[in-house]
Amino acid sequence: MALVAGVDSSTQSCKVVVRDAKTGALVRSGRASHPDGTAVHPDHWWTALGAAVADAGGLDDVAAVSVGGQQHGMVALDSRGEVVREALLWNDTRSAGAAEDLIRELGDGDREAGAAAWAQACGSVLVASLTITKLRWLRDAEPENAARVAGVALPHDWLTWRLAGAAGLDTLATDRSDASGTGYWSPTGEYRRDLLELALGRGDVALPRVVGPGESAGTTAHGALDGVPGGILLGPGAGDNAAAALGLGMRPGDVALSIGTSGVVSAVTSRPTADASGLVNGFADATGAFLALGVTLNASRILDAARNLLGVDHAELSRLALAAPAGADGLALVPFFEGERTPNRPDATAALHGMTLGSTTREHLARAAVEGLLCSLADGLDALREHGVQAERVFLIGGGAQSEAVRRIAPAVLGVDVLVPPAGEYVADGAARQAAWVLSGADTPPDWGTQGTEVFTAEPTPHVRERYAQVRELTAPRV
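Notes on the structure follow.

### So, the overall build of the protein
Inference 1: Helix and strand counts for the protein come out as 15 helices and 22 strands.
Inference 2: For 479 residues, the compact-globule estimate of 2.2 N^0.38 gives 23 Å, and the protein sits close to it at 22 Å.
Inference 3: Across the 479 residues that make up the protein, the buried fraction comes to 57%.
Inference 4: When contacts within the protein are restricted to residue pairs at least 6 apart in sequence, long-range pairs at least 24 apart make up 71% of them.
Inference 5: Per element, the accessible surface of the protein, about 18300 Å² overall, is 49% carbon and sulfur.
Inference 6: Charge centroids of the protein, computed over 38 positive and 57 negative side chains, lie 2 Å from each other.

### Focus on the packing of helix H10 (residues 300–310) against helix H11 (residues 314–322)
Inference 1: Interhelical geometry of H10 versus H11 gives an angle of 90° and a closest axis separation of 10 Å. In terms of their interaxial angle, H10 and H11 are classed as roughly perpendicular. Residue-level contacts link Leu303, Asp304, Ala306, Arg307 and Leu310 of H10 to His314, Leu317 and Leu320 of H11.
Inference 2: Along the lines of polarity and charge, the residues of the contact of H10 with H11 split into five nonpolar, one polar and two charged.

### Things to note about the packing of helix H2 (residues 96–106) against helix H8 (residues 193–200)
Inference 1: Viewed as axis vectors pointing N to C, H2 and H8 meet at an angle of 125°, and their least axial separation amounts to 11 Å. In terms of orientation, H2 lies oblique with respect to H8. As H2 packs across H8, the resulting crossing turns out to be right-handed. Together, Leu102, Glu105 and Leu106 of H2 and Leu195, Leu198 and Ala199 of H8 make up the contact between the two elements.

### Quick look at the side chain of Thr11
Inference 1: Its place among the elements puts Thr11 in the loop between strand S1 (3–9) and strand S2 (13–20).
Inference 2: A polar contact of 2.7 Å, which involves the side chain of Thr11, links it to the side chain of Trp90.
Inference 3: Apart from residues lying up to four places away in sequence, Thr11 is in contact with His34, Pro35, Gln70, Leu89, Trp90 and Asn91.

### A look at the layout of surface pockets
Inference 1: In this structure, the second largest pocket spans a volume of roughly 500 Å³.
Inference 2: As for the second largest pocket, its lining consists of 31 residues, of which Gly247, Tyr426, Asp429, Gly449 and Thr450 are closest to the centre.
Inference 3: Taken together, the elements giving at least two residues each to the lining of the second largest pocket come down to S2, strand S3 (26–33), helix H9 (240–248), strand S20 (393–397) and helix H14 (426–440).
Inference 4: Looking at the lining of the second largest pocket residue by residue, the classes come out as 12 nonpolar, 11 polar and eight charged.

### Brief notes about helix H6 (residues 155–163)
Inference 1: With eight of its nine residues buried, H6 lies for the most part within the structure.
Inference 2: Three or more residues of H6 are buried, namely Pro155, His156, Asp157, Trp158, Leu159, Thr160, Trp161 and Leu163.
Inference 3: Backbone geometry just downstream of H6 places Gly165 in the positive-phi region, at approximately 110°.

### Some thoughts on the pairing of S3
Look at any regular strand and the pattern is simple: side chains alternate between the two faces of the sheet.
Inference 1: Two strands pair when backbone bridges link them, and S2 and S3 are joined in this way by seven bridges, in the antiparallel orientation. Note on S3: the bridge partner recorded for Val16 is Gly30.
Inference 2: Where S2 folds back on S3, the antiparallel hairpin that results is connected by five residues, among which Gly24 adopts a positive phi of roughly 85°.

### Examining the nonpolar core
Inference 1: Of all hydrophobic cores here, the largest spans 52 residues; its most connected members are Val255, Leu257, Val370, Leu373, Leu396 and Val406.
Inference 2: Looking at this core, the element that brings in the most residues is helix H12 (residues 362–385), giving 13 residues.
Inference 3: Apart from residues lying up to four places away in sequence, Val370 is in contact with Leu303, Ala321, Ala405, Val406 and Ile409.
Inference 4: Judged by nonpolar contacts, the second largest core, of 38 residues, contains Leu49, Val75, Leu225 and Val228.

### Section: the environment of Val4
Inference 1: Here Val4 lies in strand S1.
Inference 2: Relative accessible area serves as the criterion here: at 0%, Val4 is assigned to the buried category.
Inference 3: Separated by 297 residues in the primary sequence, Val4 and Arg301 place their C-alpha atoms 35 Å from one another.
Inference 4: Once you skip the residues sitting within four places of it in the chain, Val4 turns out to touch Val17, Val18, Arg19, Ala21, Val62, Ala64, Ala432, Ala435, Ala436, Leu439 and Trp448.

### Observations concerning the pairing of strand S16 (residues 281–284)
Inference 1: Here S16 shows no split at all, with Asn281 and Phe283 on one side and Gly282 and Ala284 on the other all buried.
Inference 2: Looking at chain direction, S16 and strand S17 (residues 290–296) are connected through four bridges and run antiparallel. Bridge pairing in S17 links Gly282 to Ala292.
Inference 3: Two successive antiparallel strands, S16 and S17, enclose a turn made up of five residues, where Gly288 displays a positive phi of approximately 110°.

### Overview of the pattern of salt bridges
Inference 1: This model, assessed by the stated rule, comprises 27 salt bridges.
Inference 2: Ionic pairing is found between Arg148 and Asp78, a salt bridge with its closest N-O pair at 3.3 Å. Here Arg148 is found in helix H5 (residues 143–148), whereas its partner Asp78 is found in the loop between strand S6 (75–77) and strand S7 (87–88), with 70 residues between them in sequence.
Inference 3: Overall, Arg148 belongs to the partly exposed group, its relative accessible area being 37%.
Inference 4: Asp78 gets classed as buried once you look at its relative accessible area, which sits at 5%.
Inference 5: Note that Arg307 is salt-bridged to Asp304, the shortest N-O span being 3.9 Å. Residue Arg307 and its partner Asp304 are located together in helix H10, separated by three residues, close to a single helical turn.
Inference 6: Note on Arg307: relative accessible area 23%, which makes it partly exposed.
Inference 7: Salt bridges linked by common partners bring Arg345, Asp379, Asp382, Arg385, Arg465, Arg472 and Glu473 together as one network.

### Quick word on the environment of Ala315
Inference 1: Structurally, Ala315 is set in helix H11.
Inference 2: When the C-alpha atoms of Ala315 and Ser403 are compared, they prove to be 7.3 Å apart, with 88 residues separating the residues in sequence.

About the cut-offs
- Residues numbered from 1 in each chain as written.
- Predicted model: local features only at pLDDT ≥ 70, side-chain atom pairs only at ≥ 80, totals over all residues.
- Heavy atoms only, no water.
- Helix = DSSP H or I, 4+ residues; strand = E, 2+ residues; numbered from the N terminus.
- Rg over C-alpha atoms; globule rule 2.2 N^0.38 Å.
- Buried < 20%, exposed > 50% of the residue type's maximum accessible area, 1.4 Å probe, protein only.
- Contact = heavy atoms within 4.5 Å.
- Areas by Shrake-Rupley, 256 points an atom, 1.4 Å probe, with all protein chains shown as cover.
- Lys, Arg positive; Asp, Glu negative; His and termini not counted.
- Charge placed at Lys NZ, Arg CZ, Asp CG, Glu CD.
- Axes fitted to C-alpha atoms, helices over the stretch in contact; angles between N-to-C directions.
- Parallel < 35°, antiparallel > 145°, perpendicular 65-115°, else oblique.
- Nonpolar A, V, L, I, M, F, W, Y, C, P; charged D, E, K, R; others polar.
- Left-handed = near helix turned anticlockwise from the far one by under 90°.
- Polar contact = N/O pair within 3.5 Å; in protein donor to acceptor, adjacent residues only side chain to side chain.
- 1 Å grid on protein atoms, 1.4 Å probe; cavity = no way out; pocket = protein on both sides within 12 Å on 5 of 7 lines; lining within 4 Å.
- Points joined across faces, edges and corners; volume = space filled by probe spheres on them.
- Pairing = 2+ DSSP bridges.
- Core = buried A, V, L, I, M, F, W, Y, C linked by side-chain atoms within 4.5 Å.
- Salt bridge = Lys/Arg side-chain N within 4 Å of Asp/Glu carboxyl O.

Here is the structure:
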C-alpha cells in the first residue's frame, strides 16, 4: 500500500494527514500550533511542520508529499535565501493604503479604471491581503529591507523549498493557485513583472517556477527535516481554497460555502473571472481550471455572538433556531459585526430589525442569527452567479457547517439542496490527493470520493432573503 501525505500550513496551525494513495483512506494525522499575529517569521512554520510530522508518526513510509497553505503572505528573501523580515500574512491590513495607491496608479489616477485594469490583469481588484500590496508597503515603509529583497515566495512555496533543500532562489517552485493570489500573475499563466516593478520598484527579483497540475516540484532533501527522509516526491502544492476544492473533488458547477471565522464562497469554473467591483476574486485552481471566490468577513462569529448573547452552547442554539418559524416573524439580523466585504461596507455594524413583543424571544433571535448568516453567504453566491458561475451542487463545509440549524435551514434560504460532507481537514486532504496524483503520473487526480456526505433539502423560503435584502440597505457605519 503506497502512502502519501498532505500538509495544511494555515494561519493558526499546521496539519499533516497520511492517506492511502489509491483509496484516500486516512492512516494517521498530526498537528501543531502557529503563533498568533498577522506578521510571523517563517521559521515558526518550519518548526510547526516538524512538530506536526512527528505527531503524525513521521513520513518514513510515505512516497509523496504536498503542501497546501494560507495564500498571499509575503516571504521576502535576500540573495542568500535568508528571510529579510517577518512575513506579512494575508490578514495583515497595513498595506490597505498601498492597495489603493496601486489601483489608482494603474488607472492613471482614475480608481474605477484602475480597478477594472487590475481585475483584467490578475483576476482581482487589489485589497490588503494580496502579496503585491505588501511589497509596495515594504518599498515605502522599509526601504532598506526592500533593497535586500532578491526573491519573493509565499508560505507554501517556502515550505516546499525548504523540504527540497533550499538549494538556491532559482529552485523555488509554486503552483497556479497560489501564484494567482499574488497580484502579479496573469490568468494566462505568466508573471506580470511590470506590475511587480510598479509595486517594488524593480521586477528582476526571483519568483517561484510555476509547476503544472499533477507535476512534481522535485524531491525532499536528505536531512532537511526530522522525520522526512530524502527522495520523497514533492507535489506543486496549492493555496488553501484550491486545496480544499481538490479535497472535496469539486468540478465546474460545484460551489463550496465554507463557514469559518470568515465565510468563503468558491466555485470551480472553466474560464477565469474578472470582476471590477472587487466582490469576486478570480484565482486559478489546483487542476488546471479556475476558482472564483467571494469572501464575507462574518461567518461562524455570527453564531458565536448569538450563543454568547443567549448564554447557550451551539447545540442549544440550533434547537432554539429550529423551534422558530422561517423568517422569525419578521425579525432579521444584518450580521456585519466586523464590517463587511460582500457587500463592501468596511465601516458597517450589525443591526437587528423588526422587534415586536411576539418576535423578541430566544427562539426568534437564534433563528434570525442563523438566517442572517445564510443570507450573507447567499449574497456571495449571487455575486458569483452574476459572473456566469453555475451552482449545480452546493457544498457546506467548515466549523459552522456542524450546526444542525445551519444544515437544515440552508437549503430553504439558498433555494437549492445542500451537500454536507463529514468534517475533515479538506486543505490537507486536497494536498494529499495532489501528492497521490503526482505519484501516479496520471492525467487526472485519483477519485477518492467523499464518503458519508449528507444531502439536506427543504422547501424554499424566498421571503427570508427578501426581508434580509430590505433591512440590509438600512445598515449604518460605525460611529
